[in-house]
2 protein chains.
Amino acid sequence: MANKEVIPNTQVVAKHNVPGIPKETDFYVRNETIALELDQGSNSLLVKNLYLSCDPYMRGIKEQGVEEDRPSFFTPNSPVIGFGVSKVVESTKVGFEVGDLIWGMTGWEEYSVLTNTDRHFKINHTDVPLSYYTGLLGMPGLTAYAGFYEVCSPKKGEYVFVSSAFGAVGQLVGQFAKLMGCYVVGSAGTHDKVEQLKTKFGFDEAFNYKDEPDFDAALKRYFPKGIDIYFDNVGGKMLDAVLLNMRLHGRIAVAGMISQYNLDQPHGITNLMRIVFNQIRIQGFMVFDYYHLYPNFLDTILPYVRQGKIVYAEDITEGLETGPASLVSLFVGRTSGKPVILVSRD
Amino acid sequence: MANKEVIPNTQVVAKHNVPGIPKETDFYVRNETIALELDQGSNSLLVKNLYLSCDPYMRGIKEQGVEEDRPSFFTPNSPVIGFGVSKVVESTKVGFEVGDLIWGMTGWEEYSVLTNTDRHFKINHTDVPLSYYTGLLGMPGLTAYAGFYEVCSPKKGEYVFVSSAFGAVGQLVGQFAKLMGCYVVGSAGTHDKVEQLKTKFGFDEAFNYKDEPDFDAALKRYFPKGIDIYFDNVGGKMLDAVLLNMRLHGRIAVAGMISQYNLDQPHGITNLMRIVFNQIRIQGFMVFDYYHLYPNFLDTILPYVRQGKIVYAEDITEGLETGPASLVSLFVGRTSGKPVILVSRD
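Residues numbered from 1 in each chain as written. Chains lettered and ligands numbered in written order. Predicted model: local features only at pLDDT ≥ 70, side-chain atom pairs only at ≥ 80, totals over all residues. Heavy atoms only, no water.

A.B. asks: How would you summarise unusual backbone geometry if you had to cite specific residues and measurements?
C.D. replies: Residue and element names in this part refer to chain B. If you check the backbone angles, histidine 249 has positive phi at about 60° while not being a glycine. With a relative accessible area of 36%, histidine 249 lands in the partly exposed category. Unusually for a residue other than glycine, glutamine 279 sits at a positive phi of about 50°. Residue position: glutamine 279 is located in the loop between helix 6 (274-277) and strand 13 (281-284). (Buried < 20%, exposed > 50% of the residue type's maximum accessible area, 1.4 Å probe, protein only. Helix = DSSP H or I, 4+ residues; strand = E, 2+ residues; numbered from the N terminus.)

In structure tokens:
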């Protein structure tokens, strides 16, 4: 144990519990050190982190009268936890070699020791940007793929609505729906995002929900014949309005309800009766249930990405110290694409 | 046309629109006549009605700001419409003979002319009570069968909750769940119904929801490990409490939301976020989508009924004139079984 090489390891650390939407002042950067060696038989990986991902589910979630039982991404005085792209520096795990590129959960630091790597994937295709494995080709991409193809059971010609459509998942759901021959409308929170949805991502229509005092009226304008599929990222008032506009046998995939996570009292959904009259299915889902589809997903999406038929927007900032600001930008809607932190190019 | 035999035809008729829960005074009995002959080529049936069914969906439904587009069972100055068991007296429809017994939609009158018989089934098994084809062996039975086996995807040992469990559908869902080896709890609105659920219908537990100020606490008492399957007939507050108690990958089949149909403002469901965290599926369904399963359903259930392994409670009143009171009894919970009107024994 005496011969381990010890090197500096900068970290982004939570100062304290972060119960709601994170602020930059909830975090600080500290300079630690790390030994570049693993204990034999530890079945773990020592990795160098290259890209780190900022995702909506990283916020704390407040639920009235209910214990919080999700894993926390922000443990006081520990590095932030999140998805990332990393390079293996040492390995005591069978099947992983020094130099392998992987994606999965890691720490917001230069080097991490990963003891639980059951949900890490090796990266075999490096002709596309490595950072894409934090989004388009990683967990958000698989979320869009599983949510749309598996949960929504889409058919050509159907009417599809995507909320939070400029997000990493929403962008891709819309493009999958277009590839399938659906009519797709997305909602987002700035004029610029709305324009990009129409011009860059190929949505048939898009609207700024902040400009719509009456979501039901907005949806009736864009979907005069109703909605077959709703890919829900926000919940709340928008979901309630969508229920009034769902067609017979409609399907709602709920990937998240970000409008509701930090309210003292969630919006009460009053139109749920519609699910009986119109025989609607609502399915909450998490991507972990669909990890077995990752190879199929890559086989499907990589050719489209290489041909430019699926596009993707990232907002990459350089340096671990940009992490807190990058994360916060996600929650205030101040992004021009999926926020990614570049820690190291190799 | 001059030679048709014309005979009396007593009818139960709606006086006016019946927007909410029906009252006895919304109806009257009148004596009409009917010609016992059909026009050639009319592709219709003249039937003598034997048993008429009172079902929860027959009430009017009030939805805030939304047009009512369901078919009405109560058209002013016309006989009430509902499910029933009838005998064919004349037929101009291929495949239907005089003397055939059928079940499906008919009128609250002694004789009816049925012009749309696509959703009528012939009754081939008469060793069981004919009245059962308004319930256990008819539409409510098929609703329970399709809702439980098709929508809920049940597995042995799962925890099942049924609301409105003493209703024609609920009784049967509970018995199906027991046959599958599930743990089953039902809720009902009187002490007597609760007792019968436990003693006669074999539910593991049952409770009177009117005695429970806190549905969440009640559910936690009966389901300390949570609920895998909720067969929902009531919606509203109970559904909201159930959402707090659903297990991972739980399924909720919504056959109706009777607690909500006549409110000025529906109860706002605030716990829908749970469907994401616990990956829950909520499916609204109507039995018409599962009519193709009727033969399978009968093959499954008839042996159980003959062996007494599935039991059933009816509340039969005799005479068309008992119809309004029988119907009203359903909505005030004043029944000792599924309300059925005996019009004629043959």
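A.B. asks: Could you give me a rundown of the interface of chain A and chain B, with the residues and numbers involved?
C.D. replies: Taken together, the 35 residues of chain A in the interface contact 35 residues of chain B. Summed over both partners, the interface of chain A with chain B comes to about 3100 Å²; 67% of that surface belongs to carbon and sulfur atoms. Across the chain A-chain B interface, the total number found is zero salt bridges. The interface formed by chain A and chain B holds six residue pairs in polar contact (both at pLDDT 80 or more) in total. Going through the elements one at a time, strand 12 (246-254), helix 6 (274-277) and strand 13 (281-284) of chain A are the ones with two or more residues in the side of chain A that touches chain B. When the residues that make up the side of chain A that touches chain B are grouped by side-chain class, the tally is 19 nonpolar, 10 polar and six charged. Bridge count between strand 13 of chain A and strand 13 of chain B: three bridges; the pairing is antiparallel. Bridging from a neighbouring strand, arginine 281 of chain A pairs with glutamine 283 of chain B of strand 13 of chain B. (Contact = heavy atoms within 4.5 Å. Buried area = accessible area lost by both parts, 1.4 Å probe. Salt bridge = Lys/Arg side-chain N within 4 Å of Asp/Glu carboxyl O. Polar contact = N/O pair within 3.5 Å; in protein donor to acceptor, adjacent residues only side chain to side chain. Nonpolar A, V, L, I, M, F, W, Y, C, P; charged D, E, K, R; others polar. Pairing = 2+ DSSP bridges.)

A.B. asks: Can you break down the pattern of salt bridges residue by residue, with the values?
C.D. replies: Residues and elements named next belong to chain A. For the structure on display, the rule yields 26 salt bridges over all chains. The salt bridge involving lysine 338 is made with aspartate 55; its shortest N-O contact spans 2.7 Å. One end of the pair, lysine 338, is in strand 15 (residues 338-342); the other, aspartate 55, is in the loop between strand 3 (45-53) and strand 4 (81-91), and 283 residues separate them in sequence. The class of lysine 338 is buried, set by a relative accessible area of 4%. A salt bridge links aspartate 100 to lysine 122; its shortest N-O distance comes to 3.3 Å. Placement of the pair is aspartate 100 in the loop between strand 4 and strand 5 (101-107) and lysine 122 in strand 7 (residues 121-122), with a sequence separation of 22 residues. Exposure remark for aspartate 100: the relative accessible area of 17% places this residue in the buried category. A network of salt bridges, in which partner residues are shared, links Lys155, Glu158 and Arg251.

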